[in-house]
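Secondary and tertiary structure notes
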Amino acid sequence: MTPRGLSFEFWPALPEMALLVAACLVLIVDLFLSDSRRAWSYWLAQLGVLAAAWIQLRSFQELPVRALGGMFVADEMAYVLKLFSYVCVSLMLFYSRDYLVARRLFRGEIFVLALTSLLGITVMISASSFVTLYLGLELMSLSLYAMVALQREASRAVEAAMKYFVLGALASGLLLYGMSMVYGATGTLDIAGSAAVMARGGANTTIVVFGLVFIVSAIAFKLGAVPYHMWVPDVYEGAPTAVTLFIGTAPKLAAFAVAMRLLVGSLSAFAFDWQGMLLILSLLSMILGNVIAIAQSNIKRMLAYSTIAHMGFMLMGFLTANTEGYSAAMFYTVTYVLTAAVAFGIVLLLSREGFEAEQLDDFKGLNQKSPWYAFLMLIAMFSLAGVPPTVGFYAKFSVIAAAVEVGLVWLAVVAVATSLVGAFYYLRVVKLMYFDEPVDRTPVEARVDTRILLSANGLALLLLGVFPQWLMGLCVIALARSY
Amino acid sequence: MSQHLLSLAIWVPIAAGLLVLGLSRDQDAPAARWLALVGAVAGFAVTIPLYTRFAIGTAEMQFVETLEWIPRFNVNYLLGVDGISVLFILLNSFITVLAVWAGWVVIERRVAQYMAAFLIQSGLINGVFSALDGVLFYVFFESMLIPMYLIIGIWGGPNRVYAALKFFLYTFLGSVLMLVALIYLYTVSGGSFSILEWYQLPLSLKTQVLLFVAFFVAFAVKVPMWPVHTWLPDAHVEAPTGGSVVLAAITLKVGAYGFVRFILPILPDASRYLAGFVITLSLIAVVYIGFVALVQPDMKKLIAYSSISHMGFVTLGFFLFSQMGVEGGLVQMISHGFVSAALFLCVGVLYDRMHSRSIGDYGGVVNTMPKFAAFAMLFAMANAALPGTSGFVGEFMVILAAIKSSFWLGFLAATIMVLGASYTLWMYKRVWFGAVANDRVAKLSDLSRREFWLLAAVALAVLAMGLYPKPFTDVMHASVSELLSNVAKSKQ
């Protein structure tokens, strides 16, 4: 519906405000800190994320609610996705602390950028108007471009940032163009309002479908689905691993939310049209992502192609265009993000001062050096491969079930065939860690908080694999109440 | 406790395995060994009541346990055994004790991880045999790949990486298709993953054939049937002794078990329609692989091919759709579990001393290891299906059933008797008999106490089953009749 009057209640957006305040505080406080006391801004940033999460948790009772003149919506889906975004960003900060210190990146800038980027993510997740959505997207993207380029002296990082920026700007342009088409056809910027106009048949179909193509392209770009995937491997490889961890986790949740808001919230009347587009994206991503990942010798690139493949799987759930499929896709995204956090976390741990553990060979014999980290990585790899009893299996299971239920058995068969290809390169990591002899014997060291959180994160993959109902049910409920 | 016997059979070994993992420091290795043995024995002990309290004469599922697990997809933690599956749980738990014991002194690196892998795998396999829910079955079926992958890859021979990867990918290939089939059945049954409910589900022949293909690939790879058997010789040759034992004795049975739990009762029309196809593949396995086994220069490879040939007999028995045939197949599975385990243990005994599996390196072992030669003779005879050993019972039943359905079928099936005897006894002659071949053989020492009792335990089982198979077959009758009545009913 169109915004009801000009109601400016703002409390549903309190978590976002907390993030903004924290970002500003870090920005100011960091000015007055000497290098030895940088930890203050680090903890301040963590506190900001924690505060946002806390406020979020406290505000569950009155959902769903729209605020800020109908520009902003706090519903159950946003609630769940935001909570996981906070978790991801907080974990990223914990995991990457030593890494950042060793590379002299442990400075106020990265914390501020992480917070503003997170703010963009939450704004996107809660967008209920095209303008809010675009605002959030730009806030997130611009912060990310800067984060990638933060390692100024590394030409690779700068190149990656450049590539990311140019292509990202193009995608933003596509999205804006597509949204303007929808606006032109429906006469409203409100997402739910545009859907109502289309449902009445009040929109020019040609214009909407024309806009839809651009919107789907932009979403595919943000997800990293083939053929809009070119930036993913380069950015993953070029960015500092801490930033790669960031890009690989929370923004995926946001991209899923954008897809939900735009394709389901607004363009659900044209589901038939976008289903076909997503089908192609999904199919190509699964095949190309998994096949090309085999040829990689750099673990960050390998995980980049694996992301592409996983987004293909996620889209397979999404394109069924029913609530079961959406909830399966959401479950898939959340579990993927949790798994990727472990995988990149281990990569971060293996990196030391002046040494990036990004070649696959750096994993050789990890089981003999640090059996526990090898075990965590083993869980993450099997989870990515979709082998039970890890949670990755249930994610694959849900999206395949969603596809089979709408009669896309052939797509399910292709999907499992590509996951077989995927198993090959995940197993290679396991092979390197467990079957090969280590090159050097220095055990991996980590801070206590990193150790505890990474272990909890890794074991969660196993625990959620044994008891998947909790998270699965959460996604179902969140989506059923929101859409 | 009795209502949780199956859960105990699954979780006792897994819990023991996790405890053992805690002792992963090198100086804790002796403690890890003992804890693993205690865990394995306890795991076997909790399965014994499954047999003693088993109600003979009913085809109903027994010791049933139900718990809601994933309500979102109506998946339940549903366990239960009938006369077909109960024996395999006992067999598996028994073999696990042997496998742990077989690795006692041989494994020196990362003992805790080794022992834990076997224990966890044992629990998972018990889960496969007792799961009555499709997803639960699949979860166990897939997760049991992980320990075996690590066992082959970490403690295996020189070419272990290749073998481990091949093992994993082959079996993964089969099972992912099955996943789609399971989900499809869930959809058409209106939202149920209960295997027993699927038995009543009407399906058109075309659907049945497609589902048959999906399930067949999964289980045929596991059995393994010709022509998807090529992973097995590699895996066997590279795996450590304990790994080979479990692989041959148990994991192959999982594939054959899938046939009787899923394919025959859920897809009866397709099973009858495609019986000729399966029988042909089985006969090729029996005859052609039998010949292949004959020319193997490597003992482990020879036994691996012999396993394929014997398992071909099992699938042959199943697809004759007669009481005698199916029961013969099941008996053959159990017997082969004992015999192949024993043969791999024998090869392990030799390999630990000589570090060679090549038949050409041996000769005249009987002169230096008389006790060992006696055991090996018994197992060789059992492999060749000599009456009085367990190998005879199953093969005889299947051959009888085959002759009943067609003379030539029986004739071809019976070649296993000839071929089995040839390759086994020829190997026996070359390794054990004759003059002492070289100095290294002359220096061999006879069985240690551990090895003696290890082999004695299996020998006892082989003889008991050969001389008095009734306790084994009695358990099966009712369930097999029920299975056959399911197969006879058309579901179209």
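Residues numbered from 1 in each chain as written. Chains lettered and ligands numbered in written order. Predicted model: local features only at pLDDT ≥ 70, side-chain atom pairs only at ≥ 80, totals over all residues.

1. Thoughts on the overall build of chain A
For clarity, the threshold we go by: Secondary structure elements are defined from DSSP: runs of H or I of at least 4 residues count as helices, runs of E of at least 2 residues count as strands, and each element is numbered from the N terminus. Only the C-alpha atoms count toward the radius of gyration. The rule for a globule is 2.2 Å times the residue count to the power 0.38. Whether a residue is buried, exposed or partly exposed is read from the other C-beta atoms within 10 Å of its own C-beta, which are placed from the backbone; 20 or more gives buried, 12 or fewer gives exposed, and intermediate counts give partly exposed. Any two residues are considered in contact once their C-beta atoms, placed from the backbone, lie within 7 Å.
The helix and strand tally for chain A stands at 20 helices and two strands. Its C-alpha atoms give chain A a radius of gyration of 21 Å, near enough to 23 Å, the size a compact globule of 483 residues would have. Along the first, second and third principal axes, the C-alpha atoms of chain A reach 70 × 60 × 40 Å. A burial count over chain A gives 61% of its 483 residues as buried. When contacts within chain A are restricted to residue pairs at least 6 apart in sequence, long-range pairs at least 24 apart make up 79% of them.

2. What to know about the overall build of chain B
Looking only at helices and strands, one finds 23 helices and two strands in chain B. Each of the three principal axes of chain B carries a C-alpha extent, and together these read 70 × 55 × 40 Å. Counting over 492 residues, chain B shows a buried share of 62%. A separation threshold of at least 6 residues defines the contact pool for chain B, and within that pool the share at least 24 residues apart is 81%.

3. Comments concerning the nonpolar core
All names here are of chain A. This is how the line gets drawn: Throughout this description, the term nonpolar core refers to a group of buried Ala, Val, Leu, Ile, Met, Phe, Trp, Tyr and Cys residues whose C-beta atoms join them within 7 Å.
Among the nonpolar cores identified, the biggest contains 408 residues, and Val-148, Met-377 and Ile-400 are the most heavily contacted of them. Top element by residues in this core is helix H14 (residues 323–350). It accounts for 20 residues. Excluding residues within four positions of it along the chain, Val-148 makes contact with Ala-157, Ala-160, Ala-161, Tyr-164, Val-235, Gly-238, Ala-239 and Val-243.

4. Observations regarding the interface of chain A and chain B
Applied cut-off: In this classification, the charged set is Asp, Glu, Lys and Arg, the nonpolar set is Ala, Val, Leu, Ile, Met, Phe, Trp, Tyr, Cys and Pro, and all remaining amino acids, among them Gly, are polar.
Across the contact, 26 residues belong to chain A and 27 residues belong to chain B. Of all the secondary-structure elements, those providing two or more residues to the side of chain A that touches chain B are helix H16 (371–385), helix H17 (391–405), helix H18 (409–435) and helix H20 (469–482) of chain A. Ranked by the residues each element gives to the side of chain A that touches chain B, the list is headed by H18(A), at 12 residues. Per-class residue counts for the side of chain A that touches chain B are 21 nonpolar, three polar and two charged.

5. Quick look at the environment of A:Glu358
Residues and elements named next belong to chain A. Mapping Glu-358 onto the fold places it in the loop between H14 and helix H15 (366–369). When the C-alpha positions of Glu-358 and Ser-90 are compared, they lie 23 Å apart, and in sequence the two are 268 residues distant. Non-local contacts of Glu-358, meaning those with residues more than four positions away in its chain, are made with Asn-298, Ile-299, Lys-300 and Val-347.

6. Some thoughts on the pairing of strand S1 (residues 62–70) of chain B
Residue and element names in this part refer to chain B. Worth spelling out the cut-off: Note on pairing: two strands pair once DSSP finds at least 2 bridges between them.
Pairing of S1 with strand S2 (residues 75–81), which is carried by six bridges, proceeds in the antiparallel orientation. Opposite Leu-67, over in S2, you have Tyr-77 as the bridge partner. In textbook terms, the turn of a hairpin is the stretch between consecutive antiparallel strands, and for S1 and S2 this stretch comprises four residues, one of which, Asn-74, has a positive phi near 55 degrees.

7. What to know about the environment of B:Gly174
Residue and element names in this part refer to chain B. With respect to the helices, strands and loops of the structure, Gly-174 is situated in helix H8 (residues 160–188). When the C-alpha positions of Gly-174 and Val-221 are compared, they lie 6.3 Å apart, and in sequence the two are 47 residues distant. Setting aside its immediate chain neighbours within four residues, Gly-174 contacts Val-217, Ala-218, Val-221 and Lys-222.

8. Concerning helix H15 (residues 299–318) of chain B
Where we set the bar: Given a helix with a known number of residues, its expected span is that number minus one, times 1.5 Å.
In a regular helix each residue adds 1.5 Å, so 20 residues correspond to 28 Å; H15(B) covers 29 Å between its end C-alpha atoms and thus fits that length. Within H15(B), 20 of the 20 residues are buried, which leaves the element mostly enclosed by the surrounding structure.

9. As for the packing of helix H9 (residues 231–238) of chain A against helix H13 (residues 299–318) of chain A
Helices that pack against each other are described as a pair by the angle of their axes relative to one another and the distance between those axes. All names here are of chain A. Convention followed: Here an angle of 0 to 180 degrees is reported between the N-to-C directions of two axes, which are lines fitted to C-alpha atoms, with helices fitted over the stretch in contact. The hand of a helix crossing depends on one turn: near helix anticlockwise from the far one by less than a right angle means left-handed, and clockwise means right-handed.
Packing of H9 against H13 leaves a shortest axis separation of 8 Å and a crossing angle of 145 degrees. The handedness of the crossing between H9 and H13 comes out as right-handed. Every residue of H13 that contacts H9 at Val-232, Pro-233, Tyr-236 and Glu-237 is listed here: Lys-300, Arg-301, Leu-303, Ala-304, Tyr-305, Thr-307 and Ile-308. Its residues assigned to classes, the contact of H9 with H13 comprises seven nonpolar, one polar and three charged.

10. Some details on helix H19 (residues 448–466) of chain A
All names here are of chain A. Keep this limit in mind: Fitting axes to the seven residues that end at a residue and to the seven that start at it, the angle between those axes gives the bend at that residue.
If you check H19, its first and last C-alpha atoms are 27 Å apart, about what 19 residues at 1.5 Å a residue would give, namely 27 Å. Remark: the principal bend of H19, roughly 25 degrees, maps to Ala-460. Listing the buried residues of H19 in full gives Thr-450, Leu-454, Asn-457, Gly-458, Leu-461, Leu-464 and Gly-465.

11. Structural notes on the confidence of the model for chain B
All names here are of chain B. For clarity, the cut-off: The quantity known as pLDDT measures the predictor's confidence residue by residue, on a range of 0 to 100.
Per-residue pLDDT for chain B has a mean of 87; in total, 100% of the residues score no lower than 70. Least confident of the elements in chain B is helix H21 (residues 439–442), whose mean pLDDT is 78; most confident is helix H6 (residues 134–143), at 91. Taken together, the chains of this predicted complex give a pTM of 0.90 and an interface ipTM of 0.86.

12. Remarks on the packing of helix H3 (residues 76–102) of chain A against H14(A)
Residues and elements named next belong to chain A. For clarity, the cut-off: Note on terminology: angles under 35 degrees are roughly parallel, angles over 145 are roughly antiparallel, angles of 65 to 115 are roughly perpendicular, and the others are oblique.
The geometry of H3 relative to H14 is characterised by a closest axis approach of 10 Å and an angle of 5 degrees between their N-to-C directions. Relative to H14, the element H3 is oriented roughly parallel. Together, Phe-84, Cys-88, Leu-91, Tyr-95, Ser-96 and Tyr-99 of H3 and Val-334, Val-337, Ala-341, Gly-345 and Leu-348 of H14 make up the contact between the two elements.

13. Some remarks on the environment of B:Leu447
All names here are of chain B. Mapped onto the secondary structure, Leu-447 falls in the loop between H21 and helix H22 (449–467). By C-beta crowding, Leu-447 is classed as partly exposed, having 19 other C-beta atoms within 10 Å. Sequence-wise, Leu-447 and Phe-372 are 75 residues apart; in three dimensions their C-alpha atoms are separated by 6.1 Å. Here Leu-447 is in contact with Val-349, Met-369, Lys-371, Phe-372 and Phe-452, once residues within four sequence places are set aside.

14. Brief notes about unusual backbone geometry
For the peptide bond that leads from A:Val226 to A:Pro227, omega is 5 degrees, which places it in the cis range. If you trace the backbone, A:Pro227 turns up in the loop between helix H8 (205–223) and H9. Of note, the bond from B:Trp226 into B:Pro227 is cis; its omega dihedral lies within 30 degrees of zero at 5 degrees. Tracing the chain through its elements places B:Pro227 in the loop between helix H10 (205–222) and helix H11 (231–238). In this structure, B:Phe63 takes a positive phi of about 55 degrees despite not being glycine. Mapped onto the elements, B:Phe63 comes out in strand S1. If you check the backbone angles, B:Asn74 has positive phi at about 55 degrees while not being a glycine. Here B:Asn74 is to be found in the loop between S1 and S2.

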